[in-house]
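# Descriptive analysis of the structure
Chain by chain, the residues:
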Amino acid sequence: MALKFSDLSQLYMHSFDAVIDVRSPAEFAEDHLPEAINLPVLDNEERAAVGTIYVQQNPFLARKVGAAMVFRNAAAHIENSLSHHEGGWKPLVYCWRGGQRSGSFSWMLQQIGWRAEVIEGGYRSYRRLVNKYLYQDPLPLRIVALDGNTGTAKTELLQLLQTLGIQVLDLEGLANHRGSLLGERPGGQPTQKAFESALAKKLCEMDKNRPVVVEAESSKIGNLLLPPSFWTALCNAPRILVSAPIELRTTYLVKTYDDILSDHERLRDRLSPLRFHRGHSVVDSWLAMIESNDKHALTLALMEQHYDLAYAKSRRCQRAEIIAKIELATLDNNGLATAASRVQEVLAQL
């Protein structure tokens, strides 16, 4: 009998020793259950070949050819990746829809004596649970947004808050993106589905009785969309607004974004499309600063002429409740530690 999970938290809190995704590497790369390992019983080429036989010849031949491939690959996994497990090992197995691939693999594991089980409905049933949690149901958490203009070290503040025992959610870390026009990070972003899996897992792990501090973001982080349930909760969340003098922010950003400010070709590529929003003369002045390698002047101009304007417009549209304002006198360790303590005091009163 396959195991049926009624909600996402129940699935994430499983008691199995491992979760095994037997789908192809391409399927696994797009998305998978967090912490699952990929032991494909059909690789990308084999899966395509079996599908072609199924469509162009007949289903029986496809099943026969596929079965030989599945058991051959499963045997290799048992001899290699799984050879160190003892008799009491208990894995949870899934494929695309809980059918032949996961059924065949789990059957083989069971014959050895391992306590393998299959997820009913496979990845599709998991994805429906994620969709329900992030797209349909109200988010069952108290979100508090940490707001502030570019350069107010909100990411560092989140990290400090976490060391103080406060629940935080690092959206930019999950999205592998700094959340701005120039925010790309090495390695690129995950797929939308993979981002949602990671987000749902983090949210399900949160204590519902305590607030969760999240950096205020737009509806997109790079190319990734914040799913509706979370976006609604973030828009309605009370906000703690942090601010700092623009010169402090400029110095901080020049240091933090030095890799981007040093890549002139990338800068020109990202800033040139803003002519429609900010005008040709403004963008031309930015490009001149890039040519002269004046990182400080460019950073200051981008804040005054683009980022601060965008933040102000966003706040006017959302009309969120601001429950505290914190002015950062410095952006060094002492200044950020003081701000984190003040945030902690505000949260204690909620």
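Just above sits the structure.
First, a word on what this report is: a plain description of the structure on this page. (Residues numbered from 1 in each chain as written. Predicted model: local features only at pLDDT ≥ 70, side-chain atom pairs only at ≥ 80, totals over all residues. Heavy atoms only, no water.)

## A short note on the pattern of salt bridges
- Applying the stated rule across the entire model yields 19 salt bridges.
- Of the charged contacts, one joins Lys154 and Glu215 as a salt bridge, the two residues approaching to 3.9 Å between their closest N and O atoms. You can see Lys154 sitting in helix 7 (residues 154-163) and its partner Glu215 sitting in strand 7 (residues 212-215), a full 61 residues away along the chain. Accessibility assignment for this pair places Lys154 and Glu215 in one class, buried.
- Among the salt bridges present, the one from Glu205 reaches Lys201, with a minimum N-O distance of 2.4 Å. Of the two residues, Glu205 and Lys201 are both situated in helix 9 (residues 192-205); the distance of 4 residues between them amounts to about one turn of the helix.
- Look at Glu205 and you get partly exposed, because its relative accessible area is 48%.
- Taking the relative accessible area as the measure of exposure, Lys201 reaches 13% and is therefore buried. (Salt bridge = Lys/Arg side-chain N within 4 Å of Asp/Glu carboxyl O. Helix = DSSP H or I, 4+ residues; strand = E, 2+ residues; numbered from the N terminus. Buried < 20%, exposed > 50% of the residue type's maximum accessible area, 1.4 Å probe, protein only.)

## Quick look at the sheet that holds strand 2 (residues 37-38)
- Read from one edge to the other, the open sheet built from 4 strands follows the order 2-1-3-4, with strand pairing classed as parallel. If you trace the sheet from one side to the other, it starts and ends with strand 2 and strand 4 (117-118), each paired once.
- Two strands pair when backbone bridges link them, and strand 3 (residues 91-94) and strand 4 are joined in this way by 2 bridges, in the parallel orientation. When the sheet's bridge partners are listed, Val93 is paired in strand 4 with Val118.
- Strand contacts of helix 5 (residues 100-112): strand 1 (18-21), strand 3 and strand 4, with the helix running at about 155° to strand 3, the strand carrying the most contacts. (Pairing = 2+ DSSP bridges. Contact = heavy atoms within 4.5 Å. Axes fitted to C-alpha atoms, helices over the stretch in contact; angles between N-to-C directions.)

## Re unusual backbone geometry
- Of note in the backbone geometry, Glu35 takes a positive phi value of approximately 75° without being a glycine.
- Here Glu35 shows up in the loop between helix 2 (25-30) and strand 2.
- One non-glycine residue with positive phi stands out, namely Asn176, at about 50°.
- As for its placement among the helices and strands, Asn176 is situated in the loop between helix 8 (171-175) and helix 9.

## Observations concerning the sheet that holds strand 6 (residues 167-169)
- Overall, parallel pairing links the 5 strands, which are arranged 6-7-5-10-11 in an open sheet. Edge positions in the sheet fall to strand 6 and strand 11 (322-327), since each of these pairs with one other strand and no more. Recorded for the sheet is a direction-independent mean angle of 25° between the axes of neighbouring strands.
- Bridge analysis of strand 6 against strand 7 gives 3 bridges, and the strand direction is parallel. Pairing of Val168 across the sheet is with Val213, part of strand 7.
- Contacting strand 5 (143-147), strand 6, strand 7 and strand 10 (239-243), helix 10 (residues 228-236) runs over the sheet at an angle of about 65° to strand 5.
- Across the face of the sheet, helix 17 (residues 333-348) comes into contact with strand 5, strand 7, strand 10 and strand 11 while running at roughly 165° to strand 11.

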